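# Descriptive structure summary
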Amino acid sequence: MTRFESLNSDRLLLRRFADGDLPTLVAYRNDPAVARYQSWSSLSEAAARAFINDLRDAEPGKRGEWFQFAIALKATNEHIGDCALLVRADDTQQAEIGYTLARSHQGLGYGTEAVRCLLDYVFHELEIRRVIAQVDCRNDRSVALLERLGFRREGHFRQSFWLKGAWIDEYLYAMLAAEWRALRM
Ligand SMILES: CC(C)(COP(=O)(O)OP(=O)(O)OC[C@H]1O[C@@H](n2cnc3c(N)ncnc32)[C@H](O)[C@@H]1OP(=O)(O)O)[C@@H](O)C(=O)NCCC(=O)NCCS
């Protein structure tokens, strides 16, 4: 298998994390507005270094293992966020995604563009049949991103996740490979 290097879209690269991404990764992972609906609250510099090191020999598409892609601006290679992929341990045709942008780069369509690029890769190259995303029902921007891309809301789970001191509701969104092909035609 060839080593994964990067994917690209009009304005973005989805590439491996590099040591130089450490300051931006630490900055947005410690931004309360970015962390608000995420399972994490903060990231120390040591934990960020370990996060980048652990990804060095990882490959996207390995069953049961999250792979984090750094999102970077194509023009400058500036790191602006990350998106993640987990192929299910018990079924390699099904996957889950996640995504995060630094606040300075929200509102410009980069999140939508990054996830679109990730889905093209997941459905066409990894040959996955079904992708899901789970989102805190209060996370309007994330809900809007998924619906903009054509994800279907399949479920509303009541008090399904303990987050930062409270039980929260989650939506389950999904996209099938056939649906993605039809949307992209
Ligand atoms: C979820 C998240 C990535 C969404 O970010 P976002 O900036 O709203 O999404 P996009 O980058 O796709 O940008 C969409 C916005 O840019 C605008 N836009 C500008 N140019 C655009 C383009 N070329 N294409 C699409 N949208 C564009 C859209 O109109 C939209 O604006 P609006 O919010 O005023 O309607 C971001 O809120 C985030 O990182 N949150 C914290 C982490 C998190 O909660 N992640 C999700 C966990 S489930």
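Values in this document were obtained by computation on a predicted structure and should not be read as measured data.

## Quick notes on helix 4 (residues 110-125)
Between the first and last C-alpha of helix 4 there are 22 Å, a value that for 16 residues agrees with the 22 Å anticipated at 1.5 Å per step. With 13 of its 16 residues buried, helix 4 lies for the most part within the structure. Within two residues after helix 4, Glu127 carries a phi angle of roughly 55°, on the positive side.

## A look at the site of the ligand
Residues in close proximity to the ligand total 18 residues, the closest being Tyr99, Leu101, Gly107, Gly111 and Thr112. Between the ligand and Gln106 there is a distance of 3.4 Å, counted from an oxygen atom to a side-chain nitrogen or oxygen. The contact in question runs from an oxygen atom of the ligand to an N or O atom on the side chain of Arg141, over 2.9 Å. Computed on the free molecule, the ligand has an accessible area of 940 Å², of which 70% lies beneath the protein chains in the complex. Elements with a contribution of two residues or more to the shell around the ligand: strand 5 (94-101), helix 4 and helix 5 (140-148). Tallied by class, residues from the shell around the ligand come to five nonpolar, 10 polar and three charged.

## Quick look at the pairing of strand 8 (residues 166-176)
As paired strands, strand 6 (residues 130-136) and strand 8 are joined by seven bridges and run antiparallel to one another. Its bridge partner being in strand 8, Ile132 is matched across the sheet by Ala174. Of the pairings in the sheet, the one linking strand 7 (residues 152-163) to strand 8 comprises eight bridges and is antiparallel in character. Of the residues in strand 8, the one forming a bridge with Arg153 is Tyr173. Hairpin geometry of strand 7 and strand 8 is characterised by an intervening segment of two residues between the two adjacent antiparallel strands and by a positive phi of about 50° at Lys164.

## Points about the nonpolar core
In this structure, Leu14, Phe69, Ile97, Val131 and Phe151 are the most contacted members of the largest nonpolar core, which totals 56 residues. Considering each element in turn, this core owes the most residues, nine residues, to helix 4. Setting aside residues no more than four positions away along its own chain, Ile97 makes contact with Trp66, Ala84, Leu85, Val115, Leu118, Val131, Ile132, Ala133 and Phe151.

## Here's the deal with the pairing of strand 2 (residues 12-15)
Along strand 2, one buried face is formed by Leu12 and Leu14 and the opposite face, lined by Leu13 and Arg15, is buried too. Of the strand pairs in this sheet, strand 1 (residues 6-8) and strand 2 are connected by three bridges, and their pairing is antiparallel. Within strand 2, the position partnered with Asn8 by the bridge is Leu13.

Calculation rules
Residues numbered from 1 in each chain as written. Predicted model: local features only at pLDDT ≥ 70, side-chain atom pairs only at ≥ 80, totals over all residues. Heavy atoms only, no water. Helix = DSSP H or I, 4+ residues; strand = E, 2+ residues; numbered from the N terminus. Expected span 1.5 Å × (residues − 1). Buried < 20%, exposed > 50% of the residue type's maximum accessible area, 1.4 Å probe, protein only. Near = heavy atom within 4 Å. Polar contact = N/O pair within 3.5 Å; in protein donor to acceptor, adjacent residues only side chain to side chain. Areas by Shrake-Rupley, 256 points an atom, 1.4 Å probe, with all protein chains shown as cover. Nonpolar A, V, L, I, M, F, W, Y, C, P; charged D, E, K, R; others polar. Pairing = 2+ DSSP bridges. Core = buried A, V, L, I, M, F, W, Y, C linked by side-chain atoms within 4.5 Å. Contact = heavy atoms within 4.5 Å.

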